[in-house]
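Coordinate analysis (summary)
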Amino acid sequence: MKYDVIIIGSGFGGLVCGHILSKSGKSVLLLERQAQPGGCIQSYRREGLTFDTGLHYVGGLAEGQTMHRLFDTLGLMKLPWHRLDPKGFDLVTIGGDTFALAEGYENFVDTLAKDFPKEREALQRYTDMLRKTQELDLPTADVNDLQSAGAYEWLTKNFQDPLLVNIISGNALKMELRRESLPLFTFAHGQSSYIQSSWRLKGDGNMIVRSLTDDISHYGGSLVCRAEVEELIEKDGRIVAARCRNGETYEADIFISDVHPTLTFSWIRQSQVLKNMFRRRMASLENTFGMFTASLTIKEGTLPYFNHNKFVYTRPNVWTFYDERDQKGDIGGVMISCRVPEDGSTFTRQIDLMTPVPWNECQQWEDSRIFRRSHAYNTWKEETYTRCLALAETVVPGLADAVESHYTSTPLTYRDYTLTPFGSAYGVRKDYRNLMMTMLSPRTPLPNLLLTGQNIILHGLEGVAMTATHTCKAVLGQFTV
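An account of the accompanying structure is given in this report. Worth saying up front: this structure is predicted, and the values here are computed from it rather than measured.

Overview of the overall build of the protein
What the protein contains, in helices and strands, is 15 helices and 19 strands. Its C-alpha radius of gyration of 22 Å places the protein within 12% of the 23 Å reference for a compact globule of 481 residues. For the protein, the residues scored as buried account for 60% of the 481 residues in total. Considering only intrachain contacts with a sequence separation of at least 6, the fraction spanning at least 24 residues in the protein is 73%. Here the protein displays about 19,900 Å² of accessible surface, and carbon together with sulfur accounts for 48% of that area. One way to put it: in the protein the 51 positive side-chain charges average out to a point 3 Å from where the 56 negative ones average out.

Things to note about the sheet that holds strand β18 (residues 403-409)
With mixed pairing, 7 strands are arranged side by side in an open sheet as β8-β7-β15-β16-β17-β14-β18. Either end of the sheet is taken by a strand with one partner, and the two such strands are β8 (97-101) and β18. Across the sheet, the mean angle from the axis of one strand to that of its neighbour is 20 degrees, orientation sign disregarded. Here helix α6 (residues 162-169) sits on the sheet in contact with β7 (90-94) and β8, set at roughly 140 degrees to β7. On top of the sheet, helix α13 (residues 411-418) reaches β14 (290-298), β17 (350-357) and β18; it is set at about 100 degrees to β14, its chief contact.

Things to note about the pattern of salt bridges
In this structure the tally under the stated criterion is 22 salt bridges. Where Glu-153 meets Lys-157, a salt bridge forms, and the shortest distance between an N and an O atom there is 3.1 Å. Pair noted here: Glu-153 and Lys-157 are both in helix α5 (residues 151-158), with a separation of 4 residues, about one helical turn. Relative accessible area serves as the criterion here: at 62%, Lys-157 is assigned to the exposed category. For Glu-176, the salt bridge is made with Arg-429, and the minimal N-O distance between the two is 2.8 Å. Taken together, the residues span a long stretch of sequence, with Glu-176 in the loop between α6 and α7 (184-196) and Arg-429 in the loop between α13 and α14 (435-438) at a distance of 253 residues. Each member of the pair, Glu-176 together with Arg-429, is buried. Taken together, the shared-partner salt bridges in this structure form one network comprising Arg-33, Glu-228, Glu-230, Glu-231, Arg-243, Arg-245 and Arg-269.

Topic: the nonpolar core
The biggest cluster of nonpolar side chains holds 78 residues, and the ones touching the most others in it are Phe-187, Leu-296, Ile-336 and Leu-353. Among the elements that make up this core, the one with the highest residue count is helix α11 (residues 375-392) (7 residues). Apart from the residues lying within four places of it in its own chain, the contact partners of Leu-296 are Phe-51, Arg-349, Gln-350, Ile-351, Asp-352, Leu-353, Tyr-385, Leu-389, Leu-399, Val-403, Ser-405 and His-406.

Criteria and thresholds
Residues numbered from 1 in each chain as written. Predicted model: local features only at pLDDT ≥ 70, side-chain atom pairs only at ≥ 80, totals over all residues. Heavy atoms only, no water. Helix = DSSP H or I, 4+ residues; strand = E, 2+ residues; numbered from the N terminus. Rg over C-alpha atoms; globule rule 2.2 N^0.38 Å. Buried < 20%, exposed > 50% of the residue type's maximum accessible area, 1.4 Å probe, protein only. Contact = heavy atoms within 4.5 Å. Areas by Shrake-Rupley, 256 points an atom, 1.4 Å probe, with all protein chains shown as cover. Lys, Arg positive; Asp, Glu negative; His and termini not counted. Charge placed at Lys NZ, Arg CZ, Asp CG, Glu CD. Pairing = 2+ DSSP bridges. Axes fitted to C-alpha atoms, helices over the stretch in contact; angles between N-to-C directions. Salt bridge = Lys/Arg side-chain N within 4 Å of Asp/Glu carboxyl O. Core = buried A, V, L, I, M, F, W, Y, C linked by side-chain atoms within 4.5 Å.

Below is the structure:
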């Protein structure tokens, strides 16, 4: 059978493309190398509990806000979303002092201005900039002033107090804060919708996966798991088929890759279209750092649920702490996410701890694979977990005693499951100094091969969903990217 569209990879970007295109009447096939779909929004089960791999909270889901309409179109608003505390959806602790990031642009300004009264006008300029970001289309063609500016430079010029720069950046572990390269547009898009409103899913990420895959099936689409693509076959300047490791070859008119561009173009072994310079550019793309995650099972009835995220740093070095880890691997910052109780209890059963990990910390084990790591690697994981837990306990007293069991993952884990180079958490690194080379278009030199996912324009649930809609518009001929 020949399909209208084959989508390679069933991460969130692939699933959103599959939903939109199958709903529009296209015959769609998704190919997934793993045993289950979902990529970094899928969940895994241990001791009767499900743990998320990458989903923690979403912004802008209230009616009339940034993501509500898109999530409603995707059928995701019917899921049990739980709104975080409007008075402080994120709490940022730096050097022992805690500051609340409040919901709503005006409340955000008023809350921080209580501690920084001289910075009220600067805070207003900041939220005005965030509003402007939400009004702009995704940056696929013309470069605007938000794209051509660096986030760190803009913040340090706008605010006089460096502590305030660290505070408003302190909940940005959902992106890579790199002073020399992070575009202001990327930073603002990653922050603004959460200030509108922030939400957790009362349940696991597989609820999103099941909702999207059920709809795709309802609209006539298909999903094949354990179908790892080995080659994209080109003929007369177009991709005509995807050959998989399972021995099957699948044909389509259009192909969309939700896989990292470096790997995607390595599948095209012989090409009349792809130039060596383009291949070298794709192979040399820099990637954002990876994450260390510890998923904790909490003893029943020991830890009250807290309706916000906690971000704790030992020093006001939010933009550099992950580069300043000494030879002992000390942890300078941790995000703490609390799972919404699903049984109506006031106590949580699950906590996630996350901190960035530079690739060089786990590079010595890069030739190993899942379930085949060395004792030294496992020792390093446990030491990193212990340090994360100690820092987390400074803002969650008694956490260590409440832990029943824990499960850890590293950039190596993500690399092996998602095939993302270096286990990158946020895909290709965007650089405002060279935006045209680092912010990719969904279109490629091959007219019927398109890209989607976090590596292309924006990362995160919001960014990937918006990128996927642009990819689909290109397929449906609504505009030229």
